[in-house]
Amino acid sequence: MYYPLSLKKSIGILIVFLLAWLVIGSWVNDYLLSFAMTMAGLMLFNYYQLFRLNHWIWHSKRLSPPTVYGAWEYIYEGVYFLQRRNRAKRKELGELVKRFRQGAEALPDAVVIIDSDATILWCNRLARLELGIQWPTDLGLRIDNLLRHPLFVEYFNQGDFSYPIEVPSPINQNKTNEYRIMPYGDDNLLLISRDVTRVSQLEDMRRDFVANVSHEMRTPLTVISGYLEMLPDSAVNADPFAGKALHEMSEQTKRMQHLIEDLLVLSRIESSSERIYENIVQIPNMLAQIEQEAVRLNKEHGHSIHFHVDKSLTMFGVETEIRSACSNLIFNAINYTPANGQIDVHWYREGDNAVFKVIDNGDGIEEKHLLRLTERFYRVDKARSRKTGGSGLGLSIVKHVLNHHNSMLKIKSIVGVGSEFYFIIGPELLPEVVMDTSS
Ligand code: ADP
C-alpha cells in the first residue's frame, strides 16, 4: 500500500536539511558557506534522482521502482502506482473489447462497424465470408466501394435507416441479403447483413402461386358467368327453384370474379417495380371519374357525397395503383355507411404535403379492429362484407399502394360517429415542390 508524502514527513525532511546546514555552519564557522554547500548538495542529489527517474521511465525494463530515500521515494511510488492503475485499466478495456468481438463473432449475422466518413472500422468473420470483405486489407475503405449495388448505395447515401433493404449478395447474385443500418455513438454506423434468400424465395413463390391460381381461375369463371348471363329468361322463369338457384349462382360467380380481380391487383402491386417518379398522375381528373362511378354505386344507398378537390394538385406515381387505392376508400365509405349518410372526399395541400381524406358518418369501427383492418381478408363484420360483395382485400390493396408511394394509410374512427381514412403524400412526390427546389 502506498501513501502520498505527508506534511509531517515534508517538515521532517526540511528539519534534516536545516540541521545539516546548522551543523556544517558551526563546523566551518560560516553559515553562508554552509548554506551554499547544503544547497549544492541538495541540487546534486535532486539532479541525480531526476536522472535515475528518467532512466527508469524510458530505459529500464524493470517495472518496480529502484530503491530511493526521502521525498523521491514517494515520487517513484506515485509513478509506479499510476502505471499499475493504467495497466489494469488497459487490461480491463482490452477484456471488454475482446468480449464485444467474441459476442459479435457469435452473431448469426454479418456485422460491420462504419465511422462517420463511411469507412470500415471493423467487421466480424461472417462479414468477411458473406460480404467479401478482405481483412485487414479493406480496413479504412469506404463501405459503398465494397457493397456497390445501386440499391444499397442509394439507401446508404439517403441516410434514412428506419427500414431495412433487400439486395442481391455482392459475392453471389443468387443470394439475397437484408441490410439493416443502425446509427450509434458519434455518427458511427452498425451494418447488419442477414441472408434472407430462403425467405424471399418463399415470398416469391407465394406471390407467384396466388397470381397463377387467380389467373387460372379467371377463365373458367368468365365462361360460367357468360353462360349464366346468356340463359334465356324463359328457362330462368320456368321453375321458381331453378330461377332462385341461377340467380344465386350468378351472384356468387360475380363475387368470386371480384375476389379474383382483387387478388390479381394485389399481386401486381406487390411485385410492382414501376418507378413512381416517372409519371405525373392528374389526381383531379382521376377523382372526377371516380366521382361518376361513386354516384352510380350510391344510387341504392342515397348518401350525400361531396368531393372537395384542389384542381391544381397533382402527384408523381402509378396511376392505376393510386386510382385503386382512392376508389377502394371511397367505395368502402359508400358501402359501410348506413343509408342517407354523409361522405366527404378531400384532396388538398397541407404545408409541403398533399392529403387525401375520406370522411363518413357511418357506424365507425371499434379500436380493437383498427390495427388489423389492412390484413388480407380481415373484416369487422363478415356477414355484412359478404352482403356488400367485399373481398376483404380492399384495404390491403390500399396499404400496398401507399407503401409503394412512400406513404401510409391512417384511420381515425369513433363508433357511432363515423370514420376518417386518409394518407399524406410527401413533397418528394409533388411535382410543384420538386420543380421549385430543382430550379
Ligand atoms: P372489404 O372488401 O370487405 O370491404 P376491405 O379491406 O376494404 O374489405 O375492408 C376491411 C373491413 O374494414 C371491411 O370489412 C369493413 O368492416 C371495414 N371498413 C372499411 N371501410 C370502412 C368504413 N368506411 N366504415 C366502416 N367500416 C369500414
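Cut-offs and rules
- Residues numbered from 1 in each chain as written.
- Predicted model: local features only at pLDDT ≥ 70, side-chain atom pairs only at ≥ 80, totals over all residues.
- Heavy atoms only, no water.
- Pairing = 2+ DSSP bridges.
- Helix = DSSP H or I, 4+ residues; strand = E, 2+ residues; numbered from the N terminus.
- Axes fitted to C-alpha atoms, helices over the stretch in contact; angles between N-to-C directions.
- Contact = heavy atoms within 4.5 Å.
- Buried < 20%, exposed > 50% of the residue type's maximum accessible area, 1.4 Å probe, protein only.
- Left-handed = near helix turned anticlockwise from the far one by under 90°.
- Nonpolar A, V, L, I, M, F, W, Y, C, P; charged D, E, K, R; others polar.
- Domains from an automatic or database assignment.
- Core = buried A, V, L, I, M, F, W, Y, C linked by side-chain atoms within 4.5 Å.
- Expected span 1.5 Å × (residues − 1).

A look at the sheet that holds strand E9 (residues 342-350)
Next up, step 1: As summarised here, the arrangement of the five strands in space is E7-E9-E10-E12-E11, forming an open sheet in which the pairing is mixed. A strand with exactly one partner marks an edge of an open sheet, and here the two such strands are strand E7 (304-309) and strand E11 (410-414). Strand-to-strand twist across the sheet, computed as the mean angle between neighbouring axes with direction ignored, equals 10°.
Next up, step 2: Relative to E9, E7 runs parallel, the two being bridged by six bridges. When the sheet's bridge partners are listed, His-306 is paired in E9 with Asp-344.
Next up, step 3: In this fold helix H10 (residues 283-298) packs onto E7, E9 and strand E10 (353-360), with an angle of close to 180° to the strand it touches most, E7.

Regarding the side chain of Glu-178
Next up, step 1: With respect to the helices, strands and loops of the structure, Glu-178 is situated in strand E4 (residues 176-184).
Next up, step 2: The class for Glu-178 is buried, based on a relative accessible area of 16%.
Next up, step 3: In this structure Glu-178 touches Pro-164, Ile-165, Glu-166, Ile-192, Ser-193, Arg-194 and Val-196, once residues within four positions along its chain are discounted.

Quick look at unusual backbone geometry
In terms of backbone geometry, most residues other than glycine have negative phi values and most peptide bonds are trans.
Next up, step 1: Here the bond from Trp-135 into Pro-136 is cis, since omega is 5°, no more than 30 degrees from zero.
Next up, step 2: Tracing the chain through its elements places Pro-136 in the loop between helix H4 (125-130) and helix H5 (143-146).
Next up, step 3: For Asn-29, which is not a glycine, the phi torsion comes out positive at approximately 60°.
Next up, step 4: One non-glycine residue, Phe-377, lies in the positive phi region at around 65°.

Digging into the packing of H10 against helix H11 (residues 319-336)
Next up, step 1: At a closest axis distance of 10 Å, the pairing of H10 and H11 adopts a crossing angle of 35°. With respect to the hand of their crossing, H10 and H11 are arranged in right-handed fashion. The segment H10 lies against H11, with Ile-283, Met-286, Leu-287, Gln-289, Ile-290, Glu-293, Ala-294, Leu-297 and Asn-298 engaging Glu-319, Ile-322, Arg-323, Cys-326, Ser-327, Ile-330, Phe-331, Ile-334 and Asn-335.
Next up, step 2: Split by residue class, the contact of H10 with H11 holds eleven nonpolar, four polar and three charged.

Points about the domain arrangement of the chain
Next up, step 1: The domains assigned to the chain are domain 1 (7-99), domain 2 (107-195), domain 3 (200-271) and domain 4 (273-437).
Next up, step 2: Taken over C-alpha atoms, the centre of domain 2 sits 38 Å from the centre of domain 4.

Observations regarding the nonpolar core
Next up, step 1: In terms of nonpolar packing, the biggest core is built from 48 residues, with Leu-287, Met-315, Leu-329, Ile-330, Trp-347 and Phe-356 touching the most fellow members.
Next up, step 2: A total of seven residues in this core trace back to one element, the largest contributor, which is H11.
Next up, step 3: Each of two domains, domain 3 (200-271) and domain 4 (273-437), supplies a minimum of three residues to this core.
Next up, step 4: Setting aside anything within four residues of it in sequence, one finds Leu-329 in contact with Phe-356, Val-358, Leu-395, Val-398, Leu-409, Phe-421 and Phe-423.
Next up, step 5: In this structure, Leu-126, Ala-127, Ile-165 and Val-167 belong to the second largest nonpolar core, which totals 22 residues.

With respect to the environment of Gly-185
Next up, step 1: Looking at the secondary structure, you find Gly-185 in the loop between E4 and strand E5 (188-195).
Next up, step 2: The class of Gly-185 is exposed, set by a relative accessible area of 68%.
Next up, step 3: Taking the C-alpha atoms as reference, Gly-185 lies 9.6 Å from Asp-115; in sequence the two are 70 residues apart.

Observations concerning the sheet that holds strand E3 (residues 165-168)
Next up, step 1: With respect to topology, five strands assemble into an open sheet ordered E2-E1-E5-E4-E3, the strand pairing being antiparallel. Edge strands, defined here as strands with exactly one partner in the open sheet, are strand E2 (120-123) and E3. This sheet shows a mean twist of 30° between the axes of neighbouring strands, independent of strand direction.
Next up, step 2: Bridging between strand E1 (residues 110-114) and E5 involves five bridges; their strand directions are antiparallel. Along E5, the bridge assignment pairs Val-111 with Ile-192.

A closer look at helix H1 (residues 7-28)
Next up, step 1: Given a rise of 1.5 Å per residue, 22 residues ought to cover 32 Å, and the 32 Å separating the end C-alpha atoms of H1 matches this to within 8%.
Next up, step 2: Trailing H1 by a residue or two, Asn-29 shows a phi angle of about 60°, which is positive.

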